Amino acid sequence: MAQLICEGLSLGYDGREILHGINFEVNAGDYLCIVGENGSGKSTLMKTILGLQSPLSGTVRTGDGLKQNEIGYLPQQTIVQRDFPASVREIVLSGCQARCGLRPFYNKEEKALAEANMEKMDVLPLANRCYRELSGGQQQRVLLARALCATRKMLLLDEPVSGLDPRVTAEMYALIEKLNREDGITILMISHDIAAALRYATHILHVANNVFFGTKEEYLQSDAGKTFAKEADVNVE
């Protein structure tokens, strides 16, 4: 059974439709890259999957034992968020809030989970540092550790390498690939980096007037895939 099922989705604001006819399923262990032009509705789709916004029509369902509050989310950062005056440990621990329920404190298990995820993301030595003092790459690792505190099953990542230099970008992609391949975490990632999408993804969702969903191989044979690959100077042979 699929972990995530989107059927007949139409998305928009104030009744104005910006996307329609979205149908796709994501299975455990998939690596789905969501691509498309700027303003095509990619972030709106992600917010809809998270339940932060309602679709104009259609449904979003979870399955295979996945609950909506068990989806980890790494959003795009704003300038204000990058300057947040909290410690690394506090930010990572905040990813456990959904586990707390009505409890006003974190228990031993949640604190241990935060420590483990900081270690996995190689930010444990920074635990007591102020978040706003970190580099962009370190901040993204902290936010990824935070997202992992919310899930062992699925991560939604909105442009996770935006603004990072090439070396740090490569490191971030390697971390995400490791989470997918070794830990079995399902990845849904919005990306403008078509070369990276075609390198790492198992499936592609191209949002446009004509929505495409399929495997990476099927995408490369589609008109949209050929056009995007050509524009990005990616060899599709």
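Right above here is the structure, for reference.
The structure contained in this document is the topic of the report that follows. (Residues numbered from 1 in each chain as written. Predicted model: local features only at pLDDT ≥ 70, side-chain atom pairs only at ≥ 80, totals over all residues. Heavy atoms only, no water.)

1. A closer look at unusual backbone geometry
Here's step 1: Even without glycine at this site, Asp64 takes up a positive phi of about 55°.
Here's step 2: Mapped onto the fold, Asp64 is located in the loop between β4 (57–62) and β5 (71–74).
Here's step 3: The partly exposed category is assigned to Asp64, whose relative accessible area is 40%.
Here's step 4: Phi at Glu159 is positive, roughly 50°, even though this residue is not glycine.
Here's step 5: In this structure, Glu159 sits in the loop between β6 (154–158) and α7 (166–181).
Here's step 6: Given a relative accessible area of 11%, Glu159 falls into the buried group. (Helix = DSSP H or I, 4+ residues; strand = E, 2+ residues; numbered from the N terminus. Buried < 20%, exposed > 50% of the residue type's maximum accessible area, 1.4 Å probe, protein only.)

2. Here we look at the sheet that holds strand β1 (residues 4–13)
Here's step 1: Taken together, the 3 strands give an open sheet; going across it, the order is β2-β1-β4, and neighbouring strands pair in antiparallel fashion. In this open sheet, the two edge strands, each paired with only one partner strand, are β2 (16–26) and β4. On average, each strand axis in the sheet is tilted by 25° relative to the strand beside it, whichever way the strands run.
Here's step 2: Here 5 bridges tie β1 to β4, and the two strands are oriented antiparallel to one another. Looking across to β4, one finds that Ser10 is bridged to Ser57.
Here's step 3: Across the sheet, helix α1 (residues 42–49) is in contact with β1, β2 and β4; its angle to β1 comes to roughly 125°. (Pairing = 2+ DSSP bridges. Axes fitted to C-alpha atoms, helices over the stretch in contact; angles between N-to-C directions. Contact = heavy atoms within 4.5 Å.)

3. Overview of α7
Here's step 1: With 16 residues, α7 extends 22 Å from end C-alpha to end C-alpha; this agrees with the ideal 22 Å at 1.5 Å per step.
Here's step 2: Residues of α7 that are buried include every one of Val168, Thr169, Met172, Tyr173, Leu175, Ile176, Leu179 and Asn180, and no others. End-on view of α7: buried residues confined to an arc of 155°, all on one side of the axis. For α7, the exposed residues lying more than 90 degrees away from the buried face are Pro166, Arg167 and Arg181.
Here's step 3: Among the residues of α7, the N-terminal cap falls to Asp165, whose side-chain oxygen and the backbone nitrogen of Arg167 are separated by 3.1 Å. (Expected span 1.5 Å × (residues − 1). Arc of directions from axis to C-beta. Polar contact = N/O pair within 3.5 Å; in protein donor to acceptor, adjacent residues only side chain to side chain.)

4. Focus on the packing of helix α5 (residues 108–120) against helix α6 (residues 136–149)
When two helices pack together, their arrangement is given by the angle between their axes and by how far apart the axes lie.
Here's step 1: Put simply, α5 and α6 touch, their axes get as near as 9 Å, and they point 140° apart. Taken as axis vectors, α5 and α6 run oblique relative to one another. Two packed elements cross with a definite hand, and for α5 against α6 that hand is right-handed. Touching Leu113, Ala114, Asn117, Met118 and Lys120 of α5 are Ala145, Leu148 and Cys149, all from α6.
Here's step 2: Residue composition of the contact of α5 with α6, grouped by class: 6 nonpolar, 1 polar and 1 charged. (Parallel < 35°, antiparallel > 145°, perpendicular 65-115°, else oblique. Left-handed = near helix turned anticlockwise from the far one by under 90°. Nonpolar A, V, L, I, M, F, W, Y, C, P; charged D, E, K, R; others polar.)

5. A closer look at the packing of aromatic side chains
Here's step 1: Counted according to the given criterion, the structure contains 4 aromatic pairs.
Here's step 2: Between Phe24 and Phe213 the ring centres are 5.7 Å apart and the planes differ by 40°, which places this aromatic pair in the tilted class. Of this pair, Phe24 sits in strand β2 while Phe213 sits in strand β9 (residues 212–215), and the two are 189 residues apart along the sequence.
Here's step 3: On the numbers, 5.3 Å between centres and 50° between planes, the contact of Phe212 with Tyr219 is tilted. Assigned by exposure class, Phe212 and Tyr219 land together as buried.
Here's step 4: Each residue in the set Tyr31, Tyr173 and Tyr200 is aromatic and connected to the rest through ring pairs, giving one cluster. (Phe/Tyr/Trp six-rings, centres within 6.5 Å; stacked < 30°, edge-to-face > 60°.)

6. What about the pairing of strand β3 (residues 31–35)?
Here's step 1: For β3, the tally of buried residues reaches 5 of 5 residues, placing the bulk of the element in the interior.
Here's step 2: Burial along β3 is two-sided: Tyr31, Cys33 and Val35 facing one way and Leu32 and Ile34 facing the other are all buried.
Here's step 3: As judged from the 4 bridges shared by β3 and strand β7 (residues 186–190), these two strands associate in the parallel manner. Paired with Cys33 across the strands is Met189, a residue of β7.
Here's step 4: Alignment of β3 against strand β8 (residues 203–206), held across 4 bridges, turns out to be parallel. Of the residues in β8, the one forming a bridge with Ile34 is Leu205.

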